[in-house]
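Residue-level structure breakdown
Listed below are the residues making up each chain.
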Amino acid sequence: MTRKPAATDSTHRWRDDSSSRFKQVPSQPSAAEDSPSVPPPLPSEPPDEQIAESALEVQTEFSDQSDEQTPHDWKTRIGSVRLSSWLVSLIIHLAVLILLAVLTFQLGGNDTGIAIDGAQSTSSTDVAIESLNLSPDLAEDNDQALDTQVEVNVMQVDTDMASIQTDSLIPKSPLDISDSELLNAGGGPQVSQMISLMGGGGLSARTPEGRIKYGDKYGATSESEAAVENALRWLAAHQQSDGSWSFNLDLAPCNGRCRHGKPENESTPTPKTAATGLALLAFLGAGYTSDAGPYQDEVRKGIYYLRSVALETQYGFDWQQGGSMYGHGIALLAMSEAMAMMKINDQFDSDLYHHVSEGANFTTFAQHPNGSWGYTPGRPGDITITGWQVLSLSTAKKAGIETRSDLFARAKRFVMSVRDEPRYEFGYNSPKPERTTTAIGLTLLLYLGQQPGHSFFDQEFDRLVERGPMLTNVYHDYYATMALHHVRHRDWELWNTQVRNHLVRTQATSGHEAGSWHFKDKWGDVGGRLYTTAMCALILEVYYRYLPLYEAPEEFPL
């Protein structure tokens, strides 16, 4: 029985014959091929005993194999259990995160896009409002926490208003305009930062001393300054009892005593917020605020009116007043200048700051994806409405109001889209240039970071002077005068003499119209005498109203 221990010795078997069980047994040669010459030997043991021994060997082999593989199978089972537990944990955590997101944001939408309902609050007060959007960066600029949602009354929106999609409020990337596009346009990716870092453009010359100093330096005369004061006197006499101004001079206190108010058949929206904003800009341009100057009551009442009629929406404060974005942009510009000028101990009035910030939010919301602003929020617009929004937002930003990072870059892209290349002439909403829209475009590019020094750009300022002021079109002359002042054009004196002397000469001097202007033209017939008077006063205040954008200021501007 010495063979049996050898058969059950697994170590010996795996060492000497480890592959015998997996090899195919060679087939036996057939008898026909190679028959042995001698008969095979007889088995040394009986067949039954040999079969039993073989069965015992096989059983022992599988027993040994099972004993060796058991630890490995055990580890595999443990690993599978751990993997399953990890997957279960991952699924549970993801479900919790999704649930929290659903509780925080409420998604909705239509065939034009997806809107996000959220809530925001200011840093000073926890006022919750129901919102429909963002920023990545409307919320990015505000850095505000979510709060409990409440219902608010929202402005009436007609069915033609474009639905605002999230991608119209938030770019898919922080800057969706290529560097090459901006460089070709005269600016770089830092256009937004340039707005707040430009040395000039400040309001610090709006003081009695500043009016004398910069008036003498840039070309004011005693006659032009007297014309400014006469215009402000006329405006003060036409303020309504609630603190507002109106383009309709048939209303009190004028009661139709002045000619050329808003025409009865004129259908263009002319909200009181626009008229009030223009009048306030004229007072502020002369350095008169609610705390300084002879018109403190008029300015205080005008600001109070704009504060009281600001419509609070989920997008910010709306000054359209059922009219158009003209009214909103002009009102925001007036409020921004008032906030910048009425600081106490270098601190802004908190209420004014809140209104300007919320008004800027609404302007941001209203911008069309192509960078323009239209008559109603979210609609494609034109360069005239866009002009008031850019000026108001740049003034607010210069005073410290945060805006969406790509806002000015988008606006510049629109302005360049209506440029008649290679010259810097601009059209209304297409590259079909006009004199007025060209003056607006040049001014906007200066505020959007385009610096003088590019040959085609500079040549257009030369052409402004060569063509001369339009005199009866104060919209053109307002923007052209401001543009030439900001670049300190070499022919400024020639331009200024023509405009200044014309306005001094044509101002009304008698009756209830004394101190006012009116010229029959495209825009003057819409806004009437009040619009024309306010714009003429702003032109005559150009010397000290803004420090030049591209001339080193002698003192740190506001």
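In what follows, the accompanying structure is described. Just so it is clear, the model here is predicted, and its values are computed rather than measured.

1. Here we look at the overall build of the protein chain
Scanning the protein chain for helices and strands turns up 21 helices and 5 strands. Taken across its 558 residues, the protein chain has 49% of its residues classed as buried. Pairs at least 24 residues apart make up 70% of the contacts formed inside the protein chain by residues separated by at least 6 positions. Of the roughly 27400 Å² of accessible surface on the protein chain, a fraction of 54% belongs to carbon and sulfur atoms.

2. Some details on the side chain of serine 244
Relative to the helices and strands, serine 244 resides in the loop between helix H9 (222–237) and helix H10 (272–285). Looking at serine 244, the relative accessible area reads 0%, which means it is buried. When near neighbours in sequence (up to four residues on either side) are disregarded, serine 244 contacts Gln239, Lys272, Thr276 and Tyr305.

3. Considerations on the pattern of salt bridges
Side-chain pairs of opposite charge can arise where the charged atoms are in close proximity. Inspection of the entire model under this criterion finds 18 salt bridges. Across the pair glutamate 513 and arginine 259 runs a salt bridge, and its minimum N-O distance is 2.8 Å. Taken as a pair, glutamate 513 in the loop between helix H19 (492–506) and helix H20 (524–540) and arginine 259 in the loop between H9 and H10 lie far apart in primary sequence, 254 residues in all. When its relative accessible area of 10% is taken as the criterion, glutamate 513 is described as buried. By relative accessible area, arginine 259 is classed as exposed at 52%. The salt bridge partner of glutamate 460 is arginine 467, with a shortest N-O separation of 3.8 Å. Of the residues examined, arginine 467 reaches a relative accessible area of 36% and is grouped as partly exposed.

4. As for the layout of surface pockets
The space that makes up the largest pocket amounts to roughly 390 Å³. In this structure, the largest pocket is lined by 21 residues; those nearest its centre are Thr268, Tyr326, Trp523, Val526 and Tyr531. When contributions to the lining of the largest pocket are tallied by element, the ones reaching two or more residues are H10, helix H12 (325–341), helix H14 (383–398) and H20. For the lining of the largest pocket, the element with the highest residue contribution is H20, accounting for 4 residues. Along the lines of polarity and charge, the residues of the lining of the largest pocket split into 15 nonpolar, 5 polar and 1 charged.

5. Considering the packing of aromatic side chains
This structure, assessed with the given rule, holds 15 aromatic pairs. Judged by centre distance (6.4 Å) and plane angle (20°), the ring pair of tryptophan 388 and tyrosine 478 falls under stacked. Within this pair, whereas tryptophan 388 is found in helix H14, its partner tyrosine 478 is found in helix H18 (residues 474–487), the two being separated by 90 residues in sequence. Among the residues examined, tryptophan 388 registers a relative accessible area of 2% and is labelled buried. Judged by its relative accessible area of 3%, tyrosine 478 falls in the buried class. Ring-pair connections join several aromatic residues into one group, and the members of that group are Trp245, Phe283, Tyr288 and Tyr295. Taking the ring centre of tyrosine 546 as reference, the NZ or CZ of arginine 206 above it sits at 5.3 Å.

The rules behind these values
- In this convention, every chain numbers its residues from 1, walking through the sequence in written order.
- Selection of residues for local features in this predicted model requires a pLDDT of at least 70, selection of side-chain atom pairs for listing and counting requires 80 or more, and totals for whole chains, interfaces and linings are taken over all residues.
- Calculation of side-chain values draws on the structure's entire complement of heavy atoms; hydrogens and water are dropped beforehand.
- Where helices and strands are cited, they refer to DSSP runs of H or I of at least four residues and of E of at least two residues respectively, numbered from the N terminus.
- When accessible area is computed with a 1.4 Å probe and restricted to protein chains, residues below 20% of their type maximum are described as buried, those above 50% as exposed, and intermediate ones as partly exposed.
- The contact rule is simple, with two residues in contact once any of their heavy atoms fall within 4.5 Å.
- Using a 1.4 Å probe, accessible areas were evaluated by the Shrake-Rupley method; residue-level cover was limited to the displayed protein chains.
- The rule for a salt bridge is simple: a side-chain nitrogen of Lys or Arg has to be within 4 Å of a carboxyl oxygen of Asp or Glu.
- Think of a 1 Å grid over just the protein atoms. A cavity is a set of points where a 1.4 Å probe fits yet cannot get out, a pocket is an open set with protein on both sides within 12 Å along at least five of seven lines, and lining residues have an atom within 4 Å of a point.
- Grid points are joined across faces, edges and corners, and a volume is the space filled by probe spheres set on the points.
- Under the scheme applied here, ten amino acids are nonpolar (Ala, Val, Leu, Ile, Met, Phe, Trp, Tyr, Cys and Pro), four are charged (Asp, Glu, Lys and Arg), and all others, including Gly, are polar.
- Side-chain rings of Phe, Tyr and Trp, where Trp is taken by its six-membered ring, are said to pair if the distance between their centres is within 6.5 Å; with planes under 30 degrees apart they count as stacked, over 60 as edge-to-face, and otherwise as tilted.
- Should the NZ of a Lys or the CZ of an Arg lie within 6 Å of a ring centre and within 35 degrees of the ring normal, that charge is described as sitting over the ring.

Just distances and angles here, no functional claims.
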